Amino acid sequence: MSRARLLALLLTPALALADEPRGFAEVRASWFPGASGQPVQVVERVRPTFQLSITDRIKLVGTVEAGVAEGRDTGTELARLLEHSDLQPLLTAAQCQPTTYANSLLHLNGASDFLNVDRLYLDVYLEHLDVRVGRQALNWGSARFFNPTDPFPQVLVTQPWLPRRGVNAARVSVPLGRSADVTAVIAANDTFTAARATGRARVNWKGTDFAVVGAWRGDANTGFVGVDVRGTLGVGYWFEGAWVFGKAPHEELSAGLDYSWPVLEQLTVFAQYYRNGSGGTGPGSYPTATSRLTAASPITCAPGSPLTSTITADPFAPFTVARDYLLLGATLGITQDLSVSATALQNLNDGTGLLIPTVSYAIFDWLDVAGSASVPVAVWGRGGEFKPRSEDLTLSLPSPAGAVSANLSGLVAVATVTVWTRVSF
């Protein structure tokens with residue numbers, strides 16, 4: 001019996017007694033101009049949330065997501081590029097297999113490819129503490145997008161439609177009066193083979209939030225201690241800083257300001273500096289662009305093949321690879337229903353960046369439409385992280401006949417343009 005089928009059977013009795021579900025259904029289309037192969041991907045998904053009130057103090061909450069995708073698939077495009085390159089003899093010798101699906105139209109091999117229980121937790125509200133146990137969303141920190149004190153970081157700057165990933169965890173929160181609290185979390189990965197433990201103590205003093213955080217990441221054998229401060233002194237400000245210890249000790253921090261004006265509905269601007277001390281200072285010190293591409297969409301080869309990626313897929317891996325970044329953004333509420341925003345993420349080490357404009361409009365209370373783009377740019381230099389150089393996109397490997405190569409530039413679009421519409425219920 002598949003995991004999705006088993007979870008559905010376990011949830012059915014509870015869902016029958018649950019409150020009326022809430023959630024959304026969405027259709028999203030993405031265009032990848034300049035990329036080879038299929039230029040468009042379409043995704044349809046529905047995400048209902050159910051809540052069962054067992055008592056006034058105990059609630060069971062579950063969120064199920066079902067979704068399918070048609071069109072562009074990066075794994076399929078990678079396999080096609082390699083098969084039509086000079087690496088073909090090596091592919092054959094290494095018994096490499098391209099990405100295949102039982103249902104090639106919807107990219108499916110089983111129920112787990114389209115059905116996922118993304119949230120399933122039990123809330124218990126006691127007199128002096130709150131407890132949440134199960135698969136839940138966790139997000140700590142005051143900074144924009146990049147949170148050094150978050151033990152479960154997930155950067156969604158280029159994916160504004162995406163909910164945060166669920167984490168298997170037990171969380172205990174203890175309020176200490178009206179202006180302080182302590183939170184502790186024990187979490188596990190999806191195979192329950194590695195744990196993360198973290199604690200956070202927060203106090204609000206004269207309108208400013210101060211927090212101290214400590215965490216241990218068993219899956220990476222690293223930990224960190226950090227501080228998180230957020231307040232207002234004419235302008236809003238925040239600082240998050242952490243010292244990461246373990247295999248590669250380094251600092252990580254985010255510091256920024258924001259300010260709002262009563263322009264139309266409201267205009268808000270912000271600026272933030274982000275530093276990851278473990279990052280590189282130029283393309284020569286990054287993981288190669290080709291290794292990052294092949295790790296994101298691996299093909300299956302015989303053990304020991306040079307085509308087998310040595311990068312472990314980590315759902316909480318850093319979004320960036322350099323050391324220093326500047327993040328700028330502005331949001332203008334034109335009316336209560338229409339807003340536009342623009343975000344710029346600039347790599348200060350190699351000159352490349354991302355421009356991310358977004359527009360959203362609420363047609364009705366239950367119907368929204370939005371569009372966003374992610375446009376790589378090179379403000380200075382020859383290219384780097386967000387806009388790779390041509391040599392960064394060439395995969396070269398030794399062979400008995402000499403070095404052979406494959407050009408992977410077809411995997412990289414000149415932009416990614418996404419539009420979506422969402423029906424809430």
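Quick summary incoming for the structure in this document. (Residues numbered from 1 in each chain as written. Predicted model: local features only at pLDDT ≥ 70, side-chain atom pairs only at ≥ 80, totals over all residues. Heavy atoms only, no water.)

### Comments concerning the overall build of the chain
Moving on, step 1. Counting its secondary structure elements, the chain contains 4 helices and 20 strands.
Moving on, step 2. Here the chain, with 425 residues, has 42% of them falling under the buried criterion.
Moving on, step 3. Relative to all contacts within the chain whose residues are 6 or more apart in sequence, the contacts with residues 24 or more apart total 56%.
Moving on, step 4. Within the structure as shown, the chain displays about 21700 Å² of accessible surface, and the carbon and sulfur contribution to it stands at 61%. (Helix = DSSP H or I, 4+ residues; strand = E, 2+ residues; numbered from the N terminus. Buried < 20%, exposed > 50% of the residue type's maximum accessible area, 1.4 Å probe, protein only. Contact = heavy atoms within 4.5 Å. Areas by Shrake-Rupley, 256 points an atom, 1.4 Å probe, with all protein chains shown as cover.)

### Overview of the packing of aromatic side chains
Moving on, step 1. The full count for this structure, using the stated rule, is 8 aromatic pairs.
Moving on, step 2. Ring geometry for F146 and Y274: centres 4.5 Å apart, planes at 20°, overall stacked. One end of the pair, F146, is in the loop between β5 (130-136) and β6 (167-175); the other, Y274, is in strand β13 (residues 266-276), and 128 residues separate them in sequence. When sorted by exposure, F146 lands in the same class as Y274, which is buried.
Moving on, step 3. Taking the centre distance of 4.8 Å and the plane angle of 75° together, the rings of Y259 and W261 count as edge-to-face.
Moving on, step 4. The exposure class assigned to Y259 is partly exposed, which follows from its relative accessible area of 35%.
Moving on, step 5. Classification of W261 by relative accessible area gives partly exposed; the value is 37%.
Moving on, step 6. Among the aromatic side chains, those forming a connected cluster through ring pairs are F146, Y274, F319, Y325 and F386.
Moving on, step 7. Its end group placed over the ring of F24, R422 keeps NZ or CZ at 3.8 Å from the ring centre. (Phe/Tyr/Trp six-rings, centres within 6.5 Å; stacked < 30°, edge-to-face > 60°. Lys NZ or Arg CZ within 6 Å of the ring centre and 35° of its normal.)

### Topic: the nonpolar core
Moving on, step 1. By size, the foremost hydrophobic cluster in this structure holds 16 residues, and its most contacted members are F146, Y325, L327, L345, L354 and F386.
Moving on, step 2. For this core, the secondary structure elements donating two or more residues are β13, β14 (324-333) and β16 (352-364).
Moving on, step 3. Not counting residues within four places of it along the chain, the set of residues in contact with F146 comprises V155, E240, S254, Q272, Y274, F319, T320, L327 and L345.
Moving on, step 4. Within the second largest apolar cluster, 15 residues are counted, among which are L82, C301, A406 and L411. (Core = buried A, V, L, I, M, F, W, Y, C linked by side-chain atoms within 4.5 Å.)

### Here we look at the layout of surface pockets
Moving on, step 1. Of the voids in this model, the second largest pocket is the one considered here, and its volume is about 220 Å³.
Moving on, step 2. What lines the second largest pocket is a set of 16 residues, among which F145, F270, T331, S341 and T343 lie closest to the centre.
Moving on, step 3. Listing elements by their share of the lining of the second largest pocket, those giving two or more residues are β13, β14, β15 (338-347) and β16.
Moving on, step 4. Per-class residue counts for the lining of the second largest pocket are 9 nonpolar, 6 polar and 1 charged. (1 Å grid on protein atoms, 1.4 Å probe; cavity = no way out; pocket = protein on both sides within 12 Å on 5 of 7 lines; lining within 4 Å. Points joined across faces, edges and corners; volume = space filled by probe spheres on them. Nonpolar A, V, L, I, M, F, W, Y, C, P; charged D, E, K, R; others polar.)

The values are spatial; any link to function lies outside them.
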